[in-house]
Amino acid sequence: MEIRFEQVGKQYHGHTVLERLDWQIRTGERWLIRGVSGRGKTTLLRLLTGLEPPSAGQITGTENVRFSMCFQENRLCGKMSSVTNLAMVCPHPEPEKIRPLLLELLPEEALDRPAGTLSGGMARRVALARALAAPSDAVILDEPFAGLDEGTRAEALAFVESHLAGRALVLVSHELPALAGAKVLRL
């Protein structure tokens, strides 16, 4: 996999969010995206995953790439359990594999509760687990540690590290000062 941004720009209603960005991502690379609020980090992720087209330049190499993503919002199905929320992204869901995965991040009693009844931090961890459980070539995480205390954030980061399985990682985070082995893109 090699994704290339060539002179990519994005504007909304005449306001420039990104301008002339050259960037490339390869299989297995880790990227930490940094920048102040409103600088275009989420927009960059939306362009990368094809959720929005660029206003200028071109993005190549995404044609056959499968992305899994943890958005800034959890986007869970609130009436479904944590287990069901993960099962929805797995091609062959196996509860005997999903439950242990979730137990790395959540207490047992949270697994079968409707996601809408979970605390914000627990729901965030379900969204993160779902992004790592989905089959993909690149894992895209937009503020995955928001709302997590320092200890839980460390556990969540260890979870990400142990479940990447050679996939590319693009991570936006204000809470994370560094990411081992990652290149940094500052916007």
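The rules we used
- Residues numbered from 1 in each chain as written.
- Predicted model: local features only at pLDDT ≥ 70, side-chain atom pairs only at ≥ 80, totals over all residues.
- Heavy atoms only, no water.
- Salt bridge = Lys/Arg side-chain N within 4 Å of Asp/Glu carboxyl O.
- Buried < 20%, exposed > 50% of the residue type's maximum accessible area, 1.4 Å probe, protein only.
- Helix = DSSP H or I, 4+ residues; strand = E, 2+ residues; numbered from the N terminus.
- 1 Å grid on protein atoms, 1.4 Å probe; cavity = no way out; pocket = protein on both sides within 12 Å on 5 of 7 lines; lining within 4 Å.
- Points joined across faces, edges and corners; volume = space filled by probe spheres on them.
- Nonpolar A, V, L, I, M, F, W, Y, C, P; charged D, E, K, R; others polar.
- Pairing = 2+ DSSP bridges.
- Axes fitted to C-alpha atoms, helices over the stretch in contact; angles between N-to-C directions.
- Core = buried A, V, L, I, M, F, W, Y, C linked by side-chain atoms within 4.5 Å.
- Contact = heavy atoms within 4.5 Å.
- Polar contact = N/O pair within 3.5 Å; in protein donor to acceptor, adjacent residues only side chain to side chain.

## Comments concerning the pattern of salt bridges
Any two side chains of opposite charge can pair, on the condition that their charged atoms come close. For the structure on display, the rule yields 12 salt bridges. A salt bridge links Glu-6 to Arg-4; its shortest N-O distance comes to 3.4 Å. For Arg-4, a relative accessible area of 32% puts it in the partly exposed group. The partner of Glu-29 in a salt bridge is Lys-183, and the shortest N-O contact between them spans 2.8 Å. Here Glu-29 is found in the loop between strand S2 (15-26) and strand S3 (30-34), whereas its partner Lys-183 is found in strand S8 (residues 183-186), with 154 residues between them in sequence. By relative accessible area, Lys-183 is classed as partly exposed at 39%.

## A closer look at the layout of surface pockets
In this structure, the largest pocket encloses a volume near 220 Å³. Residue lining of the largest pocket: Cys-90, Pro-91, His-92, Pro-93, Glu-94, Lys-97, Ile-98, Leu-101, Leu-132 and Ala-133, and that is the complete set. Among the elements of the structure, helix H3 (95-103) and helix H4 (120-133) are those that each provide at least two residues to the lining of the largest pocket. Per-element tally for the lining of the largest pocket: the top contributor is H3, with 3 residues. Residues of the lining of the largest pocket, tallied by class, amount to 7 nonpolar, 1 polar and 2 charged.

## A closer look at unusual backbone geometry
Here the phi dihedral of Arg-75 falls at roughly 50 degrees; this positive angle occurs in a residue that is not glycine. Given a relative accessible area of 44%, Arg-75 falls into the partly exposed group. In the Ramachandran plot, Ala-165 falls in the positive-phi region, its phi being about 55 degrees despite a non-glycine side chain. Within the secondary structure, Ala-165 sits in the loop between helix H5 (150-163) and strand S7 (168-172).

## What about the sheet that holds strand S1 (residues 2-12)?
Here 3 strands make up an open sheet; going across it, the order is S2-S1-S4 and the pairing antiparallel. Pairing within the sheet leaves two strands with one partner each, and these edge strands are S2 and strand S4 (56-60). Averaged over neighbouring strand pairs, the angle between their axes works out to 20 degrees when direction is ignored. Pairing geometry for S1 and S4, over 4 bridges, is antiparallel. Bridging across to S4, Arg-4 finds its partner in Thr-60.

## Examining the nonpolar core
Counting 36 residues, the largest nonpolar core has Leu-102, Leu-106, Leu-132, Leu-141, Phe-145 and Leu-169 as its most contacted members. Looking at this core, the elements with two or more residues in it are helix H2 (82-87), H3, H4, strand S6 (138-142), H5 and S7. Top element by residues in this core is H4. It accounts for 8 residues. Ranked by size, the runner-up nonpolar core spans 25 residues in total, among them Leu-21, Leu-47, Ile-59 and Val-65.

## Some words on the environment of Glu-19
Mapped onto the elements, Glu-19 comes out in strand S2. Here the alpha-carbon distance between Glu-19 and Val-8, two residues 11 residues apart in the chain, equals 6.3 Å. Setting aside residues no more than four positions away along its own chain, Glu-19 makes contact with Val-8 and Gly-9. Within the structure, Glu-19 has its side chain in polar contact with the side chain of Arg-20 (distance 3.5 Å).

## Some points on the sheet that holds strand S5 (residues 67-70)
Reading across from one edge, S5-S6-S7-S3-S8 is the order of the 5 strands in this open sheet, with parallel pairing throughout. Lying at the two open borders of the sheet, with one neighbouring strand each, are S5 and S8. Neighbouring strand axes in the sheet, compared pairwise and without regard to direction, differ in orientation by 15 degrees on average. Each of S3, S5, S6, S7 and S8 is contacted by helix H1 (residues 41-48), which is oriented at about 155 degrees to S6, the strand it contacts most.

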